[in-house]
Structures are given as C-alpha cells and as structure tokens.
Amino acid sequence: MKKRIGLFFGTFNPIHLGHLAIANHIAEFGPVDEVWMVVTPHNPHKKKKTLLPDYDRLEMVELATANYDKIKPSAIEFGLPQPNYTINTLVHLEEKHEHYDFHLIMGEDNLQSFPKWKNSEVILERFNILVYPRIYDLKKEAKLKDHPKVTFIKAPIMEISSTFIRQCFKEEKEMRPLLAPEVFNYIDKLGLYQ
C-alpha cells in the first residue's frame, strides 16, 4: 500500500501555531500518514515583494516542525518554475515519488476559488482534496463540497493569519503566544517583519 502524504502548501510568511494545529490534526486524525508543509516561493495570487526570502521561510518551517514525527518541511517548489502552480508541483511529486499517494490540503475558503486554479479539473481527477474549516462568507457555498474527491476534515477552526502576525511585529505587539518558540526566536534574532 502506498504511503499517503497530505500536502499543505503555503508561503508560511511566517508559519504560526494555526498552521501547525491544522497540520497535526490532519496527520493524526485524517486519512494520511504524514503532512508535508510545502513552502511556496511565489504563489501566483500573492505579491513576491511582501515575502521574506525563501530560505528564511523554509528555516522557520524546519524549526516549527522539528519535533513532529508526522509533519515534514518541503522545499520541493524551490527548484520548479515560478510562479508556482499547484498542478505542476503535484505532477512533479508524482513522478519523483511513485510509491506515495498525494492528497491536497486546503482551507474551505480556497475550495470556493478552486475552479479558477490552473488545471483544477485535472487536480480533481487525479488527487483527493482534504478541506479544513474556515470562517468566511457562508452565503457562497463551495460548488465542490459534495464532490467524491473532496473530504471535509473536522479540524479546529484556526483564524490566525500570517498577515496579522506581520502587522503586529511592525507595531511591536507581543506575538509569542501565536508562534512556536523557535520561530519567534528566529524572527526576533534577525529583526524580521520590523
């Protein structure tokens, strides 16, 4: 039987306890054996200039996940053309790891916009999608919620955002409760997000 890997994509700018709680919940209670935190150098929907350098973000993911056996950092997209499209990464991973069964992890809000993703129909045809709950405009129910390849995970709702954390660092607010201690220390030592 193939090893089942959940792929949690993100710029992780920075990775925070919300990311870790969701990844851990899916690794422990979801239909996968491991969760890979895939650090995206350039999401086509985000401005590159707002991101910390790739290796700083990867280092924070490595620090945050070091004590979790079932959560692994991944820099797989660093060697792929940018901006990074999910379909390209999934195809690359399938070719590189033929003995793994990959599942795409996304928030409920992303499921809403998923039909607009590059080659979304190919992703749905070839990969399972694991969806964690988010608070968003409930009037817009995702069209794909009943699709046989889409599974909703009853994970805790984590409404912490990296945008909020970056803003709080700029305003010199206390951020330690929202970050792994190693990540906070890395940000503090290098004076990031000031």
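Cut-off values and rules
- Residues numbered from 1 in each chain as written.
- Predicted model: local features only at pLDDT ≥ 70, side-chain atom pairs only at ≥ 80, totals over all residues.
- Heavy atoms only, no water.
- Helix = DSSP H or I, 4+ residues; strand = E, 2+ residues; numbered from the N terminus.
- Buried < 20%, exposed > 50% of the residue type's maximum accessible area, 1.4 Å probe, protein only.
- Contact = heavy atoms within 4.5 Å.
- Pairing = 2+ DSSP bridges.

Structural notes on the environment of L179
Right, so step 1: Secondary-structure assignment places L179 in the loop between α6 (162–170) and α7 (181–190).
Right, so step 2: A residue is classified by how much of its surface remains accessible, and L179, at 2% relative accessible area, is buried.
Right, so step 3: Spatially, the C-alpha atom of L179 lies 4.8 Å from that of H16, the residues being 163 residues apart in sequence.
Right, so step 4: Once residues lying within four places of it in the same chain are set aside, the contact partners of L179 are P14, I15, H16, L17, I165, F169, F184 and I187.

Looking at the pairing of strand β4 (residues 100–107)
Right, so step 1: β4 sits mainly inside the fold: six of its eight residues count as buried.
Right, so step 2: As paired strands, strand β1 (residues 3–10) and β4 are joined by six bridges and run parallel to one another. When the bridges of β4 are listed, R4 appears paired with D101.
Right, so step 3: Alignment of β4 against strand β5 (residues 128–132), held across five bridges, turns out to be parallel. Residue pairing for β5: L104 is matched across the bridge by I129.

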